[in-house]
Amino acid sequence: SECLKVGEKMSFYDEVEIEDMEYFPEENCYRYPCPCGDQFVITEDELIDGEEIARCPSCSLMIRVIYNQDKFRKNASQPTATQAQAVAA
């Protein structure tokens, strides 16, 4: 990752809501089409860590991912009581 000087702003190609991205469970990541033909990628672990930047591996473009960080808490992988009841029902 690049270091930014104080006062320098990152430039994003776009801001995309997580709901508009496609989830790939086998890779544990979210993807979104990049204009270069590849895809922006952000992993679930990055989201759990509070990361909000998805990068394209083929070009220099980045997008800012808009998401509810509460849904990606470190303990989010453990089902809540409500989820457990839904599974048991």
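Basis of the calculations
- Residues numbered from 1 in each chain as written.
- Predicted model: local features only at pLDDT ≥ 70, side-chain atom pairs only at ≥ 80, totals over all residues.
- Heavy atoms only, no water.
- Salt bridge = Lys/Arg side-chain N within 4 Å of Asp/Glu carboxyl O.
- Helix = DSSP H or I, 4+ residues; strand = E, 2+ residues; numbered from the N terminus.
- Buried < 20%, exposed > 50% of the residue type's maximum accessible area, 1.4 Å probe, protein only.
- Contact = heavy atoms within 4.5 Å.
- pLDDT = per-residue confidence, 0-100.
- Phe/Tyr/Trp six-rings, centres within 6.5 Å; stacked < 30°, edge-to-face > 60°.
- Lys NZ or Arg CZ within 6 Å of the ring centre and 35° of its normal.

(A) Examining the pattern of salt bridges more closely. Inspection of the entire model under this criterion finds 3 salt bridges. The partner of Arg 64 in a salt bridge is Glu 15, with the nearest N and O atoms 3.4 Å apart. Remark: Glu 15 occurs in strand β1 (residues 14-17) and Arg 64 occurs in strand β6 (residues 62-66); sequence separation between them is 49 residues. By relative accessible area, Arg 64 is classed as partly exposed at 24%. As a salt-bridge pair, Arg 31 and Glu 27 come within 2.7 Å of each other at their nearest N and O atoms. Relative accessible area serves as the criterion here: at 41%, Glu 27 is assigned to the partly exposed category.

(B) Molecular detail of the environment of Ile 63. By the secondary structure assignment, Ile 63 is in strand β6. Its relative accessible area of 0% is what places Ile 63 among the buried residues. Not counting residues up to four positions away in its chain, the partners in contact with Ile 63 are Phe 12, Tyr 13, Asp 14, Val 16, Met 21, Tyr 32, Phe 40, Glu 52, Ile 53 and Ala 54.

(C) Expanded view of the confidence of the model for the protein. Per-residue confidence for the protein averages 81 on the pLDDT scale, and 72% of its residues sit at or above 70. In the predicted structure, residues 78-89 sits below a pLDDT of 50 and forms 2 contacts with residues beyond four places in sequence or in another chain.

(D) Local environment of the packing of aromatic side chains. Scanning the entire structure with this criterion turns up 4 aromatic pairs. Aromatic pair Tyr 67 and Phe 72: ring centres 5.3 Å apart, planes at 85 degrees, arrangement edge-to-face. This pair shows no difference in class: Tyr 67 is buried, exactly as Phe 72 is. Residue placement shows Arg 31 over the ring face of Phe 24; its charged tip is 5.7 Å from the ring centre.

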